[in-house]
Amino acid sequence: MSAVVYERRDVRRARYAVAAVFAVHGAVTGSFATRVPWIQDHAQLSAGQLGLALAFPAIGASVAMPLAGYVSHRLGARTAMRALIALWTLALILPSLAPNLWTLCAALFVYGATAGMADVAMNALGVEVEARLGKSIMSGLHGMWSAGALVGSAAGTLAAHLGSDARLHHALAAVTLTVLGLVACQWVLDIRATEDEEPPPRFALPPRSALLIGAVGFCAVFAEGAALDWSAVYLRDELATSAGLAAACTTGFMLTMAVARLVGDAVVNRFGAVRTVRASGVLAALGGVLIVVASHPAVAMAGFALMGLGIAVVVPLCFAAAGRSGPNPSQAIAGVATITYTSGLIAPSAIGGLAQLTSLVVSFGLVTVLACGLAVFAGVLRAGEGDRTRISRPDAAVPDPKP
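- Looking at an unreviewed UniProt entry, the chain carries the name MFS transporter, with the source organism given as Streptomyces neyagawaensis.
- Among the UniProt annotations of the chain, the heading Subcellular location (unreviewed entry) holds the following wording: "Cell membrane".

**Examining the overall build of the chain**
So, step 1. When its secondary structure is counted, the chain shows 17 helices and zero strands.
So, step 2. Taking all 403 residues of the chain together, 53% fall into the buried category.
So, step 3. In the chain, once contacts between residues fewer than 6 apart in sequence are set aside, the share between residues at least 24 apart is 86%.
So, step 4. Roughly 16900 Å² of accessible area belongs to the chain as shown, and the carbon and sulfur atoms make up 67% of that amount.

**Details of the confidence of the model for the chain**
So, step 1. Averaged over all residues, the pLDDT of the chain equals 84, while 87% of them reach at least 70.
So, step 2. Between residues 386–403, whose pLDDT stays under 50, and residues either more than four places distant or in other chains, the model counts 27 contacts.

**Thoughts on the packing of aromatic side chains**
So, step 1. In total, this model carries six aromatic pairs according to the counting rule given.
So, step 2. Their ring planes at 40° and their centres at 4.9 Å tell us that phenylalanine 32 and tyrosine 111 sit as a pair that is tilted. Of the two residues, phenylalanine 32 sits in helix α1 (residues 8–33) while tyrosine 111 sits in helix α7 (residues 101–133), which places them 79 residues apart along the sequence.
So, step 3. Relative accessible area serves as the criterion here: at 5%, phenylalanine 32 is assigned to the buried category.
So, step 4. Their ring planes at 85° and their centres at 5.4 Å tell us that phenylalanine 304 and phenylalanine 364 sit as a pair that is edge-to-face. Here the residue phenylalanine 304 occupies a position in helix α14 (residues 297–311), and phenylalanine 364 occupies one in helix α17 (residues 360–376), the gap between them amounting to 60 residues. The exposure classification of phenylalanine 304 matches that of phenylalanine 364, with both residues buried.
So, step 5. By way of ring pairs, the aromatic residues Phe32, Trp88 and Tyr111 are connected into one cluster.
So, step 6. Seen from the ring of phenylalanine 271, arginine 270 lies directly overhead, with NZ or CZ sitting 4.9 Å from the centre.

**A word on empty space enclosed by the protein**
Any space left empty among the atoms is revealed by the rolling of a water-sized probe across them.
So, step 1. A full pass over the atoms with the stated rule returns one cavity of 30 Å³ or more.
So, step 2. Here the largest cavity is characterised by a volume of approximately 50 Å³.
So, step 3. Lining of the largest cavity is provided by Trp145, Ser146, Ala149, Glu224, Leu228, Phe253, Met254, Met257 and Arg261.
So, step 4. Of all the secondary-structure elements, those providing two or more residues to the lining of the largest cavity are α8 (138–161), α10 (208–238) and α11 (243–262).
So, step 5. Here the lining of the largest cavity takes four residues from α11, the largest share from any one element.
So, step 6. When the residues that make up the lining of the largest cavity are grouped by side-chain class, the tally is six nonpolar, one polar and two charged.

**Here we look at the nonpolar core**
One recurring pattern in soluble globular proteins is that nonpolar side chains are buried together.
So, step 1. With 111 residues, the main nonpolar core has Met81 and Phe304 as its most contacted residues.
So, step 2. Setting aside residues up to four positions removed in sequence, methionine 81 forms contacts with Val21, Ala118, Ala121, Met122, Leu125 and Cys185.

**As for the packing of helix α4 (residues 56–75) against helix α5 (residues 77–91)**
So, step 1. With their axes 7 Å apart at the nearest point, α4 and α5 run at an angle of 130° to one another. The angle between α4 and α5 falls in the class oblique. Handedness of the crossing formed by α4 with α5: right-handed. Contact with α4, carried on its side by Ala68, Val71, Ser72 and Leu75, involves Ala77, Thr79, Ala80 and Leu84 of α5 and no other residues of that element.
So, step 2. For the contact of α4 with α5, the class distribution of residues is six nonpolar, two polar and no charged.

**What to know about the packing of α1 against α7**
So, step 1. The contact between α1 and α7 brings their axes to 10 Å, and the two run at 155°. Of the possible angle classes, the one that applies to α1 and α7 is roughly antiparallel. Considering how the two elements wind past one another, α1 and α7 form a crossing that is left-handed. On α7, the residues touching Arg8, Val11, Arg12, Ala14, Arg15, Val18, Val21, Phe22, His25, Val28, Thr29 and Phe32 of α1 are Leu108, Tyr111, Ala115, Ala118, Asp119, Met122, Asn123, Leu125, Gly126, Val129, Arg132 and Leu133.
So, step 2. Taken together, the residues of the contact of α1 with α7 break down into 15 nonpolar, four polar and five charged.

The rules behind the values
Residues numbered from 1 in each chain as written. Predicted model: local features only at pLDDT ≥ 70, side-chain atom pairs only at ≥ 80, totals over all residues. Heavy atoms only, no water. UniProt positions renumbered as here; feature names shortened; annotations may be inferred. Helix = DSSP H or I, 4+ residues; strand = E, 2+ residues; numbered from the N terminus. Buried < 20%, exposed > 50% of the residue type's maximum accessible area, 1.4 Å probe, protein only. Contact = heavy atoms within 4.5 Å. Areas by Shrake-Rupley, 256 points an atom, 1.4 Å probe, with all protein chains shown as cover. pLDDT = per-residue confidence, 0-100. Phe/Tyr/Trp six-rings, centres within 6.5 Å; stacked < 30°, edge-to-face > 60°. Lys NZ or Arg CZ within 6 Å of the ring centre and 35° of its normal. 1 Å grid on protein atoms, 1.4 Å probe; cavity = no way out; pocket = protein on both sides within 12 Å on 5 of 7 lines; lining within 4 Å. Points joined across faces, edges and corners; volume = space filled by probe spheres on them. Nonpolar A, V, L, I, M, F, W, Y, C, P; charged D, E, K, R; others polar. Core = buried A, V, L, I, M, F, W, Y, C linked by side-chain atoms within 4.5 Å. Axes fitted to C-alpha atoms, helices over the stretch in contact; angles between N-to-C directions. Parallel < 35°, antiparallel > 145°, perpendicular 65-115°, else oblique. Left-handed = near helix turned anticlockwise from the far one by under 90°.

This is the structure in structure tokens:
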């Protein structure tokens with residue numbers, strides 16, 4: 001990347017800008033998740049068919065993610081971010097328009113492809129800002145994503161409660177979020193490749209050092225995907241709740257994730273990554289137990305909230321551990337990302353397929369078992385934890401002497 005020297009105030013402004021982009025990205029996800037039952041009814045899908053369709057966002061993301069690095073390399077980080085966030089926000093319109101299974105699969109493939117590319121671009125910008133500031137900010141950025149998802153899901157809950165058509169709801173949300181995303185991109189860092197810099201590799205196999213760390217991330221993302229896509233359906237089908245209350249369950253799940261991520265850095269600095277993830281696994285497993293045994297919607301909603309609290313900070317900590325785990329941090333992080341996206345790929349369809357054969361209760365029993373794995377295998381995140389030297393770069397602004 002070009003060695004551009006930024007004033008510290010510009011880097012701080014870029015931090016807030018990329019945080020806003022994270023929030024916009026999350027708002028799209030929240031807007032979609034709360035209307036999944038409406039989309040299922042509109043396309044007349046069974047639980048198994050819905051599970052198949054919900055695999056396509058992760059398929060699209062896995063296929064398209066390698067292109068994000070190439071786009072940023074050719075266009076520069078700021079222009080690429082503008083293009084990719086606009087494509088992602090506008091893709092929100094597509095799923096609610098689908099009249100059947102196969103058109104929904106195609107719509108969700110595009111939805112996932114644009115999501116994945118925007119995800120890679122904004123995380124790369126976040127890492128760049130973090131390096132220039134010389135302190136950790138990624139948990140807070142992911143917290144802003146969760147806050148955006150919470151706002152989007154709250155709007156979706158209101159729309160579902162009012163019985164509004166998801167096509168109109170998503171069209172209005174897409175236009176609004178596109179404008180907000182483009183405005184925020186004006187102040188992100190404009191990182192550009194030098195003329196002799198080679199394009200980034202299109203695919204990176206996970207190194208050995210990343211496999212166990214990635215397995216922990218796999219469990220967390222599986223639980224997150226299951227709760228995000230199936231919580232509203234669970235309350236509606238298993239506990240016979242209204243559409244509005246079912247959507248509110250998804251909102252509660254996102255709320256606890258947002259709060260946990262926003263305070264996550266402070267907790268990790270106090271207790272360390274391993275103890276944090278062990279406690280997180282216990283909370284997530286307890287939430288899973290409440291979901292499985294629930295005979296009243298309030299108990300299930302409390303379970304989903306605890307699950308959100310438990311899994312919130314796990315993936316950011318997996319990325320941090322991967323960066324400390326071997327001689328090639330970028331390859332290790334890419335490997336963990338590949339594993340976690342694989343989890344996102346199989347989770348929705350696995351939950352739907354198992355529900356088709358048995359029930360959603362059994363499906364969330366599987367989620368509970370995986371949540372227990374967070375507590376059992378948290379020790380793999382210990383790699384390099386004692387060597388928390390600050391990131392430095394030749395072109396980074398000098399950090400303030402104040403903490």
